[in-house]
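The primary structure of each chain is shown beneath.
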Amino acid sequence: MESKMKEKSESTVGGGVEDIYGEDRATEDQLITPWTFAVSSGYNLLRDPRYNKGLAFTEKERDVHYLRGLLPPAIMPQELQEKRFMQSFHQYEVPLNKYVALMELEERNERLFYKLLIDNVEELLPIVYTPTVGEACQKYGNIFKRPQGLYISLKEKGRILEVLKNWPERKIQVIVVTDGERILGLGDLGCQGMGIPVGKLALYTALGGVRPSACLPITIDVGTNNEQLLKDEFYIGLRKKRAIGEEYYDFLDEFMKAVKQNYGEKVLVQYEDFANHNAFELLAKYGNTHLVFNDDIQGTAAMVLAGLIASLKLLGGSLVDHTFLFFGAGEAGTGIAELIALAISKKTKGPVEEARKNIWLVDSKGLIVNARKESLQAHKKPWAHEHEPVNNLLDVAKAIKPTALIGTSGVGKTFTKEVIEAMASINKRPLIMALSNPTAQSECTAEEAYTWSEGRAVFASGSPFPPVEYNNKLHIPCQANNCYIFPGFGFGLVMAGAICVHNDMLFAASEALASQVTEEHNAKGMIYPPFGNIRKISAHIAANVATKAYELGFATHLPQPADLVKYAESCMYTPSYRSYR
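Quick caveat: nothing in here was measured; it's all calculated off a predicted structure. (Residues numbered from 1 in each chain as written. Predicted model: local features only at pLDDT ≥ 70, side-chain atom pairs only at ≥ 80, totals over all residues. Heavy atoms only, no water.)

A.B. asks: Where do I start with helix α6 (residues 121–128) in this structure?
C.D. replies: Because an α-helix completes one turn every 3.6 residues, residues spaced three or four positions apart along the sequence face the same direction. Of all eight residues making up α6, six are buried, and the element is well covered by its neighbours. Where α6 is buried, its residues meet α3 (78–89), α4 (95–108), α5 (110–119), α7 (132–138), α10 (195–206) and α23 (534–552). (Buried < 20%, exposed > 50% of the residue type's maximum accessible area, 1.4 Å probe, protein only. Helix = DSSP H or I, 4+ residues; strand = E, 2+ residues; numbered from the N terminus. Contact = heavy atoms within 4.5 Å.)

See the structure below:
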C-alpha cells in the first residue's frame, strides 16, 4: 500500500520540520496514513514504534490495515494504556529496571512513551535522566538490546558522511553528541555514554516539543581510558586508549563538516559530557561556523543564572551586590561564572573584568589566585584574583564571605557541616547550590543544608531530594536541572531557524525561566518553578530565545510570528494517538 501523503508541505509546524506526512496539520480526529513508504502487512505496523498503537487500534483500523488476528479482541484507549503501564512500572523497585522498562516502551510505542513522560514528568524525569541514567551508562553493555542513535567510531574515519546518510531521517533539527569522556560525575564511560544523548533527546521531545523524528543521538567513539571497561567482555565500544591531539581533532572536524553538509547550517549540535580540555576547544572552534551549544557550559550557566535571578527576591539586592564562591572550576563552574559576570557587566554597563571580581573559584588545589596564574589552564586564568593562597573550602568561605556557594566539583559530601554553618553565620539566607550529579556526587543533601543552617538556607541541587521538615516548616528543595533550559532553548533556536548561539539568547532563556517563579514558590524557599509546568515554561523560554534571535538578525524563518509564545505552543509535538485511514 503506497503512501497517499508523500507530497512535501512547506509548513514549519512541529518545531520547524516540514510536515511531510501531514501529521502535524492533522487534528486528533482527522485521518492520516500511517505508512512512511509502503507496507505489505499489519504485522509491520505493530513493529513500527512511531505508528504502533497497541490495543488502541479501532475495529475499522484493524480491518483496513490487516491487523485482524494479530491483536487480542479488546480495544484499549491510550489513557487506559497509560494507567496499565504505570501500574506495572510501580511494581519495579530498582530504578535501573524502571529505566529499562521505559526504554523498551519507547522502542515499541513512541507516542505512548512520550505521553507517559509528559503526564508524569516529575516521577519519570529521575529515571530517564539523572540520576538513573548515570547507572544505565555504567551498565550500558549489560542492558544493551536494540541500538538507538548513531555510533561513529574511529573505524569510520574518512566515511562519516556516509555513516550519517545511513540514518533514515533526513529532516534532523537537533543532534546531541558525546564522546563519553566525562559522563555526569562518573568519568570516562566511552561508548556507553550513549545513554546521555538518548535521554537528552527524549527530554527535547517531551519537555521542549521537538518532534522525535527530528532528533538524532550520536556517540563519537574514539576509545576509552577506563581500564575496567576495556577488560569488560560485554563492553560495546572500541577496545583502545582514547585518541588525543591531532587525531582527535581531525576526527571531530570531519564530523562537524559532515553534519553541516548532510543537514545544513541550521541543525543544532549540542555537545554533551565532553572533558574540559575538549569542551572549551570545540565550542570556541565551531561557535562561529556552526549552530553549536554546550549544555554543560552554557545550559548549566543559563539554568543557574535563572535561579540566582529568582533568588534575589529572597536574598535581596541585585547580582552586583552578591559574592559568589564556586567549588569546582571545570566547564560547568567557569561557564556559570562567566555568564554571571557577563550579566553583571550588561546590567552595570561596566567591563566584564570588573564584574569577575565578585566571583571566586576553588579547584582541587585551593582558591584560584594570581600567584597560581602561570600554572592554570586557560579557562581558569580569568578567575585568578589577588589574594593569598587558601587550600581548603572552609577557610576560603571564612575569608571570602560569599553570599552564594555553588558546587560543580563532581565530588560528594564536600559541603560539610562546618562549611554550611560558616555560610549561615555570614548570611541571613545563605544560598547553597549543590549541583553535581548523580546523587552520590552531590556536595551535600537538602536535609544537611537545611539542618546545618537552622532552616535558613535557600537550597537547590542537581539531583532530586525529597522535601525536608525542619522546625515544623516544610522546605521544598529545588532541582537545578538543565532540563529547565536546554529543551526550550534548543526549540527556540529551531523555531527561529537560528544560525548561531549568542550570549544574549542565554540571558533571554534565564530571564524567561526566572519569570516563572512566583511569590508562592518563593514562600516555600523555591527558586525554580515546579517541573509539572515544564511544557509551558519551555514555550516561554523558546519564545524569548527566538525573539532575541530575530532582534540580533540571526533568525532565518521569516516573517517573525506575531505571538511567539502561542506559536511555540502550536509547534510543539503532541503524542496523542492519531486515527488512521
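On we go from here.
A.B. asks: Please clarify how helix α18 (residues 417–426) should be interpreted in this entry.
C.D. replies: Residues of α18 that are buried include every one of Val419, Ile420, Ala422, Met423 and Ala424, and no others. Close packing links the buried residues of α18 with α17 (393–400), β10 (404–407), β11 (431–434) and α19 (446–452).

A.B. asks: How do you make sense of the sheet that holds strand β6 (residues 292–294) when you look at a structure like this?
C.D. replies: The strands making up a sheet associate through hydrogen bonds between their backbones, and the pairing can be parallel or antiparallel. Strand order in this open sheet of five strands is β2-β4-β3-β5-β6, and the pairing throughout is parallel. Strands at the two margins of the open sheet, each flanked by one partner only, are β2 (150–153) and β6. Pairs of neighbouring strands in the sheet enclose a mean axial angle of 25°, with direction left out of account. When β2 meets strand β4 (residues 215–221), the two strands line up parallel, connected through four bridges. Residue Tyr151 lies in a different strand from β4, and its bridge partner there is Thr219. Against the sheet, helix α12 (residues 245–263) contacts β2, β3 (174–178), β4, β5 (268–271) and β6, and its axis sits at roughly 160° relative to β4. Packing against the sheet, helix α14 (residues 295–315) makes contact with β5 and β6, and its axis sits at approximately 70° to β6. (Pairing = 2+ DSSP bridges. Axes fitted to C-alpha atoms, helices over the stretch in contact; angles between N-to-C directions.)

A.B. asks: How should I be thinking about the sheet that holds strand β9 (residues 366–367) in this particular structure?
C.D. replies: With mixed pairing, seven strands are arranged side by side in an open sheet as β9-β8-β7-β10-β11-β12-β15. This sheet does not close on itself; its edge strands, each paired only once, are β9 and β15 (478–479). For strand β7 (residues 324–327) and strand β8 (residues 359–363), the ladder comprises four bridges, and the chain directions are parallel. When the sheet's bridge partners are listed, Phe326 is paired in β8 with Leu361. Contacts from helix α15 (residues 331–348) reach β7 and β8 within the one sheet, and its direction differs from that of β7 by about 165°.

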